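Each chain, letter by letter, is given below.
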Amino acid sequence: MDGSFDYIVVGAGSAGCVLANRLTASGKQRVLLIEAGGEDRNLWIHVPIGYAKLFSDARHNWLYNSEPEPELGGRSIIQPRGKVMGGSSSINGLLYIRGQAEDFDHWRQLGNAGWSFTDVLPYFRRAEDQERGEDELHGVGGPLAVRDVSEPHPLCEAFIEACAEAGIPRTDDFNGPTQEGAGYFQLTTRNGRRWSTARGYLAPARRRGNLAVVSNALTTRILFDGRRAVGVEYRKDGATHVARASGEVILSSGAFNSPQLLQLSGVGPADLLQQHGIKVIADMKGVGADLQDHYQARFNYRCSERITMNDMMGSMAGRVAAGLRYALLRKGFLTIGAGYAGAFARTDPKMATPDVQFHFILFSADAVGQKLHPWPGFLASICQLRPESRGFVRIKSADPAQGPAIQPRYMTAQADRDTMVAGMQLLRKVMRQGALKRYIVEELTPGPKVDSDAELLEFARQKGTTVFHPTSTCRMGSDVTAVVDERLRVRGFEGLRVADASIMPTVVSGNTNAACVMIGEKASDMILQDASATPAAKAA
Ligand SMILES: Cc1cc2nc3c(=O)[nH]c(=O)nc-3n(C[C@H](O)[C@H](O)[C@H](O)COP(=O)(O)OP(=O)(O)OC[C@H]3O[C@@H](n4cnc5c(N)ncnc54)[C@H](O)[C@@H]3O)c2cc1C
């Protein structure tokens, strides 16, 4: 293939791999997929528990950090992002959660035709290969494998039972008719191995002659002819290359890098671009604005029985046993992602739908990605599902190799602080129920001295962290600061779309990978429909 294509997709992440697959399926379109990271060969990408090892692995992770956060005492928060085939779907916690039907109906209500739950459900179903079979909400045979956890665990059973005692009913499907309830998560795995979009979508598409994939290539700029995107410039092995697109350039570089790339290319807030000596092509204040993310507080518990991952992983014999169990049966702790069980709950019964999510995790540690405690322990985290705080992504330099300034401005909205405190109170209520009593020796953090609402809030400020769900930095909408329209076209431009987490008008109420896959699916249909509607296509 030469340097000219119908479509160029920038970023082989959750959404980008979907696009690469769907746009090449007919064999008619020539597509170039450019990825800054390398191939997904590392063993720990494929063993689900390996996700804990990828937090700090610079070979597969952009390893961003937020700017000092105003409500968190100036703390910087880690912001891992996948830099590898599959993007963040290759380093994420594997939980399969779509969000609430009401999230998408809200997107539609904001003026985004085609994005109500009824509109997007066919794309969730088309993507899915649901282990439990097909029904009106779930699909089978799709590229994204969705599987149950390999076996129940007594602590998870106790947690689910305790939730029921506290008024949160048991559910066997967080993606069912209602999200509310407590139960086991489903995971994006197949045969106990991670099922990233690189595995599910990209690997089969790479056999097609009309898809070119360039890895370890940093896209540095979008090329324009007036207001039409005509290609991109990228760096690989120290050289600068140009690739041209006769159809479209599609940015799927994620919530941090898609706005960064637009800004570097002259599309963004004029004052910011001028500050860095970048020629302004379009003054768009919304590019990089409106960043949202889920923020969590984690409660650690000392357990009375040696049944946690701390115990298994704390000894060589335990590690060997876990390894063998995984190798022979595809069962046990190595098959677990970011959580085993969890719950979606309402902090106020007057609410229509859950406003907090609990992740119940069978290990304890001082912080995300740190060493497990040397005693039996587990943790539960609470996050607010619909934060009102909005932050930003802004270039710090005209050098594409330098990461952008990222500031989610966690808990800067009063409503977010209130919900966080109410969620922590609700989590404690669950943990005090009879079903969990025999397992809990003590709450290690925040611990009994942290009791009042003010103390809990202070704990969240000092110890809270991200759930890794940044979105909305190239927000879809019809208002003046919206970056893309409801067909994901960058407003005021031709041949340029964004399709990834950054287009979400508001973050979904849950983990974000499934929604990004859905966005990739829907975007591919819109791109192909729009291409076939052009006068040239009709004449042909
Ligand atoms: C540690 C972690 C745990 C998570 N856990 C879960 C979970 O359990 N469940 C869940 O649903 N969600 C989870 N998420 C969130 C979810 O994975 C992301 O929301 C989703 O993968 C984002 O998809 P995306 O397509 O927007 O971007 P990404 O998947 O991040 O893809 C962007 C791609 O673009 C590439 N790129 C960026 N800039 C350039 C450039 N200039 N040139 C070329 N390539 C570029 C990147 O390297 C990357 O491959 C987690 C995320 C992380 C980081």
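Residues numbered from 1 in each chain as written. Predicted model: local features only at pLDDT ≥ 70, side-chain atom pairs only at ≥ 80, totals over all residues. Heavy atoms only, no water.

Enquirer: Help me out: how do you make sense of the site of the ligand in this one?
Expert: S14, E35, S88, T512 and N513 are the nearest of the 38 residues found near the ligand. Within the backbone of V84, one N or O atom sits 3.5 Å away from an oxygen atom of the ligand. Where the shell around the ligand is concerned, the elements lending two or more residues are α1 (14-24), β12 (217-225), α8 (254-264) and α15 (513-532). At three residues, the largest contribution of residues to the shell around the ligand is made by β12. (Near = heavy atom within 4 Å. Polar contact = N/O pair within 3.5 Å; in protein donor to acceptor, adjacent residues only side chain to side chain. Helix = DSSP H or I, 4+ residues; strand = E, 2+ residues; numbered from the N terminus.)

Enquirer: Looking at this structure, how should I read unusual backbone geometry?
Expert: The phi torsion of most residues other than glycine is negative, and most of the peptide bonds are trans. A cis amide bond links T445 to the next residue, P446, at an omega of 0 degrees. Here P446 shows up in the loop between β24 (440-445) and α14 (453-463). For L63, which is not a glycine, the phi torsion comes out positive at approximately 55 degrees. Mapped onto the secondary structure, L63 falls in the loop between α3 (51-54) and β3 (64-65). In this model, L94 sits at a positive phi of 70 degrees, which is unusual for a non-glycine residue. Within the secondary structure layout, L94 lies in the loop between β4 (78-79) and α4 (101-109). Of the residues examined, L94 reaches a relative accessible area of 1% and is grouped as buried. (Buried < 20%, exposed > 50% of the residue type's maximum accessible area, 1.4 Å probe, protein only.)

Enquirer: Got a minute to help me understand the nonpolar core in this structure?
Expert: Note that soluble globular proteins tend to have their nonpolar side chains buried in a common cluster. Of all hydrophobic cores here, the largest spans 77 residues; its most connected members are I8, W115, L251, L262, L488, L496 and M518. It is α15 that provides the largest number of residues to this core, a total of nine residues. Residues V47, L385, V421 and L457 belong to the second largest nonpolar core, which totals 74 residues. (Core = buried A, V, L, I, M, F, W, Y, C linked by side-chain atoms within 4.5 Å.)

Enquirer: I keep staring at the pattern of salt bridges and nothing clicks. Help me out?
Expert: Pairing between side chains of opposite charge can happen when their charged atoms approach one another. Enumeration according to the criterion identifies 33 salt bridges in this entry. Among the ionic pairs, R302 bridges to E442, the shortest N-O distance being 3.0 Å. Of this pair, R302 sits in strand β18 (residues 295-303) while E442 sits in strand β24; the two residues are 140 residues apart in sequence, bridging distant segments of the chain. Classification of R302 by relative accessible area gives partly exposed; the value is 26%. Among the residues examined, E442 registers a relative accessible area of 35% and is labelled partly exposed. D530 is the partner of R487 in a salt bridge, and the nearest nitrogen-oxygen pair spans 2.9 Å. Placement of R487 in the loop between β25 (465-466) and β26 (496-498) and of D530 in helix α15 is noted, with a sequence separation of 43 residues between them. By sharing partners, the salt bridges in this structure join E248, D485, R487, R489, R497 and D530 into a single network. (Salt bridge = Lys/Arg side-chain N within 4 Å of Asp/Glu carboxyl O.)

Enquirer: Explain the layout of surface pockets to me, please; I cannot follow it from the model alone.
Expert: Over the atoms, a rolling probe the size of a water molecule traces out where space has been left empty. Within this model, the second largest pocket holds a volume of roughly 380 Å³. Surrounding the second largest pocket, 17 residues form its lining, D366, A367, V368, K463 and T465 being those nearest its centre. Only β18 and α14 provide two or more residues apiece to the lining of the second largest pocket. At three residues, α14 tops the list of elements feeding residues into the lining of the second largest pocket. Split into classes, the residues belonging to the lining of the second largest pocket amount to six nonpolar, seven polar and four charged. (1 Å grid on protein atoms, 1.4 Å probe; cavity = no way out; pocket = protein on both sides within 12 Å on 5 of 7 lines; lining within 4 Å. Points joined across faces, edges and corners; volume = space filled by probe spheres on them. Nonpolar A, V, L, I, M, F, W, Y, C, P; charged D, E, K, R; others polar.)

Enquirer: Hey, could you run me through the packing of aromatic side chains in this one?
Expert: Where two aromatic rings form a pair, the distance of their centres and the angle of their planes describe that pair. Considering all chains together, one arrives at 17 aromatic pairs under this definition. Here W107 and W115 contribute two aromatic rings whose centre-to-centre distance is 6.0 Å and whose plane-to-plane angle is 55 degrees, an arrangement assigned as tilted. Side by side, W107 and W115 carry an identical accessibility label, which is buried. Chaining the aromatic ring pairs together yields one cluster made of F104, W107, W115, F117 and F124. A cation sits over an aromatic face here: K53 above W44, 5.0 Å from the ring centre. The aromatic ring of F392 is capped on one face by R394, whose charged end is 3.9 Å from the ring centroid. (Phe/Tyr/Trp six-rings, centres within 6.5 Å; stacked < 30°, edge-to-face > 60°. Lys NZ or Arg CZ within 6 Å of the ring centre and 35° of its normal.)

Enquirer: Explain the sheet that holds strand β8 (residues 186-187) to me, please; I cannot follow it from the model alone.
Expert: Adjacent strands of a sheet pair through backbone hydrogen bonds, lying either parallel or antiparallel. With respect to topology, three strands assemble into an open sheet ordered β5-β6-β8, the strand pairing being mixed. Edge positions in the sheet fall to β5 (128-130) and β8, since each of these pairs with one other strand and no more. Both β5 and strand β6 (residues 144-148) contribute to a ladder of three bridges, which runs parallel. Its bridge partner lying in β6, E128 is registered against L144. Here helix α5 (residues 117-127) sits on the sheet and contacts β5 and β6; the angle it forms with β5, its principal contact strand, is near 65 degrees. (Pairing = 2+ DSSP bridges. Contact = heavy atoms within 4.5 Å. Axes fitted to C-alpha atoms, helices over the stretch in contact; angles between N-to-C directions.)

Enquirer: Just checking my understanding: could you explain empty space enclosed by the protein for this structure?
Expert: On inspection of all chains with the given rule, the structure shows two cavities of 30 Å³ or more. One number sums up the size of the largest cavity: a volume of about 90 Å³. What lines the largest cavity is a set of 13 residues, and nearest its centre among them are D293, Y295, P387, M411 and D416. Classifying every residue of the lining of the largest cavity gives six nonpolar, four polar and three charged. As for the second largest cavity, its lining consists of M309, I336, G337, A338, G339, Y340, I361, L362 and F363. For the lining of the second largest cavity, the class distribution of residues is seven nonpolar, two polar and no charged.

Enquirer: Hey, could you run me through a nonpolar patch on the surface in this one?
Expert: Taken together, the side chains of M316, V320, L324, L328 and L329 present a nonpolar region at the surface, about 540 Å² in accessible area. When you line up the elements, L328 lands in helix α11 (residues 316-329). (Patch = residues over 30% accessible without salt bridge, like charges linked within 9 Å, V, L, I, M, F, W, Y side chains within 5 Å. Areas by Shrake-Rupley, 256 points an atom, 1.4 Å probe, with all protein chains shown as cover.)

Enquirer: When you look at the pairing of β18 in this model, what are you seeing that I'm missing?
Expert: Side-chain direction in a regular strand flips from residue to residue, so the side chains alternate between the two faces of the sheet. Of all nine residues in β18, eight are buried, a share of seventy percent or more. Note: β18 against β25, two bridges, orientation antiparallel. Following the sheet pairing, Q296 is matched in β25 by T465. Pairing geometry for β18 and strand β21 (residues 377-384), over seven bridges, is antiparallel.

Enquirer: I keep staring at the environment of E388 and nothing clicks. Help me out?
Expert: Tracing the chain through its elements places E388 in the loop between β21 and β22 (391-394). Assessed through its relative accessible area of 54%, E388 is described here as exposed. The spacing of E388 and V507 is 119 residues in sequence and 9.8 Å in space, taken between C-alpha atoms. Leave out the neighbours within four places in its chain, and E388 touches A413, A415 and D416.

Enquirer: Can you help me understand the packing of α5 against α15 in this one?
Expert: Describing two packed helices takes the angle between their axes plus the distance from one axis to the other. For the pair α5 and α15, interaxial distance at closest approach is 9 Å and the crossing angle is 105 degrees. Judged by the inter-axis angle, α5 sits roughly perpendicular to α15. On the side of α5, the interface is formed by V120, Y123, F124, R126 and A127, while α15 contributes A514, A515, V517, M518, E521, K522, S524 and D525. Of the residues contributing to the contact of α5 with α15, the split by class is eight nonpolar, one polar and four charged. (Parallel < 35°, antiparallel > 145°, perpendicular 65-115°, else oblique.)

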